[in-house]
Amino acid sequence: MFRLSLAALLLTVGLSACATIAPNILSPQDTADLKFTSLEVVVPPETRIDWTSAEDEYLSERKLSRTDPALVATPEARAHLRNLAAARLKAKLERVIAERPAGTRPVRLVATIKEVSIPSAVKRVIVGGTPSVRADIDVIDARSGALLTTYRGATGTKYAGNGVYGVIGDGLAQAMGADDLYDRAAADYADGFGGWLKPR
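Rules and cut-offs
- Residues numbered from 1 in each chain as written.
- Predicted model: local features only at pLDDT ≥ 70, side-chain atom pairs only at ≥ 80, totals over all residues.
- Heavy atoms only, no water.
- Salt bridge = Lys/Arg side-chain N within 4 Å of Asp/Glu carboxyl O.
- Helix = DSSP H or I, 4+ residues; strand = E, 2+ residues; numbered from the N terminus.
- Buried < 20%, exposed > 50% of the residue type's maximum accessible area, 1.4 Å probe, protein only.
- Arc of directions from axis to C-beta.
- Contact = heavy atoms within 4.5 Å.
- Phe/Tyr/Trp six-rings, centres within 6.5 Å; stacked < 30°, edge-to-face > 60°.

Moving on, we get to the pattern of salt bridges. By the definition in use, this model includes 14 salt bridges. Of the charged contacts, one joins Asp 179 and Lys 92 as a salt bridge, the two residues approaching to 3.3 Å between their closest N and O atoms. Note that Asp 179 is positioned in the loop between α6 (163–175) and α7 (181–197) and Lys 92 in helix α4 (residues 75–98), a separation of 87 residues in sequence. Residue class for Lys 92 comes out buried when judged on its relative accessible area of 16%. Its salt-bridge partner being Arg 184, residue Asp 170 comes within 2.4 Å of it at the nearest N-O pair. On the criterion of sequence distance, the pair formed by Asp 170 in helix α6 and Arg 184 in helix α7 is long-range, its members being 14 residues apart. We classify Arg 184 as buried; its relative accessible area is 14%. Sharing partners across several salt bridges, the network here consists of Arg 48, Glu 115 and Arg 134.

Structural data, given as structure tokens:
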């Protein structure tokens, strides 16, 4: 009985999460006719980025202390994280866009990252955690500049190994070529956008 109730609860949560994504207001025909001519990914300065592994890499590359939190709070450090997040989400979105047949109406995409949460190994050992990337994507007519529709309210998430053995196993998988936590969440977000564009 408990298992059935828990399953129902999880299903309800999943459905409510899906319902928060704004629908594509373009018709299936207009959606199929889109031709993506450019993609820009922006990360506003106020975007919350919790990404300890990227901060550690930034400090290590510059031979800076990893025990002083002020070093990752500088404008240079925060700009580095924003640029890294933008570039890697862009790569995942480009893959999804390339798989889609091109139409005849030129449009440009502007993706705005709203939040990045990549739990550290320490957090995943102690309390667990799931990587996530939240963003909105505006679909804009390339000729007139008019906003046609917006992919809003979506978050990309993916499994991460938790607990001591989960973190160790995850690290080994990444060493053998598996995507890291950010890329997994970004790929899930991009796949969601691709599905949102499919005519229904």
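With that settled, the discussion passes to helix α3 (residues 52–61). Listing the buried residues of α3 in full gives Ala 54, Glu 55, Tyr 58 and Leu 59. The buried residues of α3 occupy an angular sector of 135 degrees when projected down its axis, which confines them to one face. Buried residues along α3 sit in contact with β2 (48–51) and α4. With its phi angle positive at about 55 degrees, Lys 63 sits one or two positions after the end of α3.

By the definition in use, this model includes five aromatic pairs. Aromatic pair Tyr 151 and Phe 193: ring centres 5.3 Å apart, planes at 55 degrees, arrangement tilted. Pair noted here: Tyr 151 is in strand β5 (residues 147–157) and Phe 193 is in helix α7, with a separation of 42 residues, a long-range link. The exposure classification of Tyr 151 matches that of Phe 193, with both residues buried. Plain terms: the ring middles of Tyr 151 and Trp 196 are 5.1 Å apart, the flat faces sit at 50 degrees to each other, and that makes the pair tilted. Of this pair, Tyr 151 sits in strand β5 while Trp 196 sits in helix α7, placing them 45 residues apart in sequence.

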